[in-house]
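# Architecture and fold: a report
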Amino acid sequence: MIRDARVLQDDFLPREVVHRHEEMNRLSAALEPVVDGGRPEDALLVGPSGAGKTCLARYAVSELEREVADLETQYVDCWQHSSRFRILYRILEGVAPTYDVHRSTPRDELLQRLEAVDAPYVVVLDEADQIADPDVLRELYGIPHVSTICIANRERDVVGPLDERLRSRLQSSVQVQFDTYSDEALVAILADRVEWGLADGAVSADQLGTIADAAAGNARNAISILRTAARAAAHDDAATIREPHLDGAIPEARAQVRRKSVEKLTPHQRAVFEVLVDAGPLSPKELYAQYQSAVEQPRTKRTVRSYLGKLEQYNLVTASGRGPSRVYSAAHTDVPRSV
């Protein structure tokens, strides 16, 4: 039944980005100057998880590569590569040999190598709110042929830690706001994946509607449910996805998404989350006190607040109340613990 499993993966780049035409036009217009030899504008894409920000950025860049022969591009997951060195290393890796680059390599040398690149370079900085040292943005902005597309859930999480000058530079970039998908949009996204990835008639329109409703506006969740249901049907050697496959796929796919989100957490984010799993609900003061006891070299209260915002965005944590009455709880406890 599964004709092309690649199409069912979250990071598969579709042939067309559907239901994001306005956002696509805005980002394409920002990048367009490079076609005529100019410098693309920097861009900031913000919106909830699963709203298509990463997919659209990668698609826009891939389309641009078709038009500009000497264009260089690179994608950096700043949650996985959050330090200044790791980000610069990944960016340099896209355009030059890095076999002789080590953590002891002076930062100025890394920047000089990037400055020596003789081509326009568009860098996608996904999860930009996870950048540990914002000075890396200042350094990238200082390289004339490097343009950035920053992606984050909330603008304030990116600009908050920046000084006034850097904040002004980022806020002056082209901003593209994403909202959650409608059920209609999710059905269209899923239908495209079904056409290329599954056999004819493998899933009904009503079942796609059920998946869209369960995904609650999140394309990543919708694709995960479809993939899980298709695998269950294939395991049963069924020609179509049946209701039991779908009924089981919805909670299983949600659990898979949660596990992936938890696995991405940094050690300190993981510590905050596990405190809430073990002892929540907690007030910010109670949470910070227990977090301090659980780790060496605890981060600041402001940093922990940013962690909580990120955990909320990925549906790992819930918050209730306001001001002194605000408390945080782990949204789910069926996740693997750190070793």
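Residues numbered from 1 in each chain as written. Predicted model: local features only at pLDDT ≥ 70, side-chain atom pairs only at ≥ 80, totals over all residues. Heavy atoms only, no water.

The next thing to look at is the overall build of the chain. From N to C terminus, the chain includes 14 helices and seven strands. Radius of gyration (C-alpha) of the chain: 21 Å, near the 20 Å computed for a compact globule of 339 residues. Principal-axis analysis of the C-alpha atoms gives the chain an extent of 60 × 55 × 40 Å. Scored against the burial criterion, the 339 residues of the chain give a buried share of 49%. (Helix = DSSP H or I, 4+ residues; strand = E, 2+ residues; numbered from the N terminus. Rg over C-alpha atoms; globule rule 2.2 N^0.38 Å. Buried < 20%, exposed > 50% of the residue type's maximum accessible area, 1.4 Å probe, protein only.)

This part takes up a positive patch on the surface. Taken together, the side chains of Lys285, Lys301, Arg302 and Arg305 present a region of like positive charge at the surface. In terms of residue count, the dominant contributor to the positive patch is helix H14 (residues 301-313) (three residues). Structurally, the position occupied by Lys301 is in helix H14. Exposure remark for Lys301: the relative accessible area of 53% places this residue in the exposed category. (Patch = residues over 30% accessible without salt bridge, like charges linked within 9 Å, V, L, I, M, F, W, Y side chains within 5 Å. Areas by Shrake-Rupley, 256 points an atom, 1.4 Å probe, with all protein chains shown as cover. Salt bridge = Lys/Arg side-chain N within 4 Å of Asp/Glu carboxyl O. Lys, Arg positive; Asp, Glu negative; His and termini not counted. Charge placed at Lys NZ, Arg CZ, Asp CG, Glu CD.)

Looking now at helix H10 (residues 219-235). With 17 residues, H10 ought to run about 24 Å at 1.5 Å a step, and its terminal C-alpha atoms sit 24 Å apart, in line with that. Across the 17 residues that make up H10, a large majority, twelve, are buried. For H10, every residue scored as buried is listed here: Ala219, Asn221, Ala222, Ile223, Ser224, Ile225, Leu226, Arg227, Thr228, Ala229, Ala230 and Ala233. Buried residues along H10 sit in contact with helix H8 (183-197), helix H9 (205-215) and helix H11 (243-264). Between the side-chain oxygen at the start of H10 and the backbone nitrogen of Arg220 there is a gap of 2.9 Å, and the oxygen is on Asn218. Following H10 by one or two positions, Asp237 has its phi on the positive side, about 60°. (Expected span 1.5 Å × (residues − 1). Contact = heavy atoms within 4.5 Å. Polar contact = N/O pair within 3.5 Å; in protein donor to acceptor, adjacent residues only side chain to side chain.)

Read across the sheet, five strands follow the order S2-S3-S4-S1-S5 without closing on themselves; strand pairing throughout is parallel. If you trace the sheet from one side to the other, it starts and ends with strand S2 (72-77) and strand S5 (174-177), each paired once. In this sheet, adjacent strand axes meet at a mean angle of 15° when their direction is disregarded. Relative to strand S4 (residues 146-152), strand S1 (residues 43-46) runs parallel, the two sharing four bridges. Bridge pairing links Leu45 to Ile151 in S4. Across the sheet, helix H2 (residues 53-67) lies against S1, S2, strand S3 (121-126) and S4, angled at about 160° from S4, the strand it touches most. (Pairing = 2+ DSSP bridges. Axes fitted to C-alpha atoms, helices over the stretch in contact; angles between N-to-C directions.)

Of all the positions in helix H4 (residues 107-115), only Leu110, Leu111 and Leu114 are classed as buried. Within H4, the buried residues cover an arc of 95° as seen down the axis, which keeps them to one side. Residues of H4 that are buried in the fold lie against helix H3 (84-93), S3 and helix H5 (135-141). (Arc of directions from axis to C-beta.)

Time to look at the pattern of salt bridges. One side chain can pair with another of opposite charge once the charged atoms of both are near each other. Taken as a whole and assessed by the stated rule, the structure comprises 25 salt bridges. Residues Glu63 and Arg66 are paired through a salt bridge, measuring 3.1 Å at the closest nitrogen-oxygen approach. Taken together, the residues span about one helical turn, with Glu63 and Arg66 both in helix H2 at a distance of three residues. The partly exposed category is assigned to Glu63, whose relative accessible area is 28%. For Arg66, a relative accessible area of 69% translates into the label exposed. A salt bridge links Arg107 to Glu139; the shortest N-O distance between them is 2.6 Å. Taken as a pair, Arg107 in helix H4 and Glu139 in helix H5 lie far apart in primary sequence, 32 residues in all. Here the salt bridges share partners, and the residues they tie into one network are Arg84, Arg107, Asp133, Asp135, Arg138, Glu139 and Asp163.

What follows covers the nonpolar core. Judged by nonpolar contacts, the single largest core of 32 residues is most densely connected at Ile91, Leu114, Leu125, Leu137 and Leu170. Considering every element that reaches this core, the biggest residue donor is H3, with six residues. One finds Leu8, Ile211, Ala222 and Ile241 within the second-largest nonpolar core, a separate group that totals 29 residues. (Core = buried A, V, L, I, M, F, W, Y, C linked by side-chain atoms within 4.5 Å.)

It is worth stressing that arrangement in space is one thing and function is another; only the former is reported here.
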